[in-house]
Amino acid sequence: FSIFKIKGSSMDPLLNPDSYILTIKNRPELKKIFVISHKKYGKLIKKLVKIDNEENFWFKGENNSSISTEKIGPIKLNQILGKVVLSVSKDTLKFHC
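The rules we used
- Residues numbered from 1 in each chain as written.
- Predicted model: local features only at pLDDT ≥ 70, side-chain atom pairs only at ≥ 80, totals over all residues.
- Heavy atoms only, no water.
- Phe/Tyr/Trp six-rings, centres within 6.5 Å; stacked < 30°, edge-to-face > 60°.
- Helix = DSSP H or I, 4+ residues; strand = E, 2+ residues; numbered from the N terminus.
- Buried < 20%, exposed > 50% of the residue type's maximum accessible area, 1.4 Å probe, protein only.
- Lys NZ or Arg CZ within 6 Å of the ring centre and 35° of its normal.
- Salt bridge = Lys/Arg side-chain N within 4 Å of Asp/Glu carboxyl O.
- Polar contact = N/O pair within 3.5 Å; in protein donor to acceptor, adjacent residues only side chain to side chain.
- Contact = heavy atoms within 4.5 Å.
- Pairing = 2+ DSSP bridges.

Visitor: Hey, could you run me through the packing of aromatic side chains in this one?
Guide: Any pair of aromatic rings gets described here by the distance separating the centres and the angle formed by the planes. Within this structure, the stated rule accounts for one aromatic pair. For the ring pair F34 and F59, a centre distance of 6.2 Å and an interplane angle of 75 degrees mean the geometry is edge-to-face. In this pair, F34 is assigned in strand β3 (residues 33-38) and F59 in strand β5 (residues 57-60), connecting sequence segments 25 residues apart. Owing to a relative accessible area of 0%, F59 belongs among the buried residues under this scheme. When the ring centre of W58 is taken as reference, the NZ or CZ atom of K50 above it lies at 5.9 Å.

Visitor: For this particular structure, what's the right way to read the pattern of salt bridges?
Guide: Pairing of side chains with opposite charge becomes possible as their charged atoms draw close. Taken as a whole and assessed by the stated rule, the structure comprises two salt bridges. A salt bridge links E29 to K83, with the shortest nitrogen-to-oxygen separation between them at 3.1 Å. Of this pair, E29 sits in the loop between β2 (20-24) and β3 while K83 sits in strand β6 (residues 80-88); the two residues are 54 residues apart in sequence, bridging distant segments of the chain. A relative accessible area of 23% places E29 in the partly exposed class. Residue class for K83 comes out buried when judged on its relative accessible area of 7%. In this structure, the salt-bridge partner of K47 is E62, at a minimum N-O distance of 3.0 Å. A residue pair is termed long-range when its members are at least 10 positions apart, and K47 in strand β4 (residues 42-51) and E62 in the loop between β5 and α1 (69-72) qualify at 15 residues. Classification of E62 as partly exposed rests on a relative accessible area of 30%.

Visitor: I keep staring at the side chain of S19 and nothing clicks. Help me out?
Guide: Mapped onto the elements, S19 comes out in the loop between β1 (2-5) and β2. A distance of 2.8 Å separates a polar side-chain atom of S19 from the backbone oxygen of N16. Setting aside chain neighbours within four positions, we find S19 in contact with F4, K5, I6, V88 and S89.

Visitor: Explain the pairing of β2 here, please?
Guide: Along any regular strand, the residues point their side chains to alternate faces of the sheet. Going residue by residue along β2, you find I21 and T23 tucked away on one face and Y20, L22 and I24 left uncovered on the opposite face. Bridge count between β1 and β2: four bridges; the pairing is antiparallel. Each residue of the ladder has a partner; that of F4, found in β2, is I21. In terms of strand pairing, β2 meets β6 through five bridges, oriented antiparallel.

Printed below as a string of structure tokens:
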């Protein structure tokens, strides 16, 4: 398990800014949310939208303030830090299965 704090609104309204998330190591699944390690942008929380034939993983945010899928670029399996399974904010507790 790992715990991260959300900074920014790129995943809002699905994940609220300043929420905490709990992640687990899990195999990547389309349409699920993951924390990834990006060499330019650092740690990002994004939704997996595509797995290509070269085993690259493609991610996107939930709203227009997010970094585009093209700017994020292809992500390798070893850059995926964990799948989001729980988010907690001062008003909400959400399970993400």
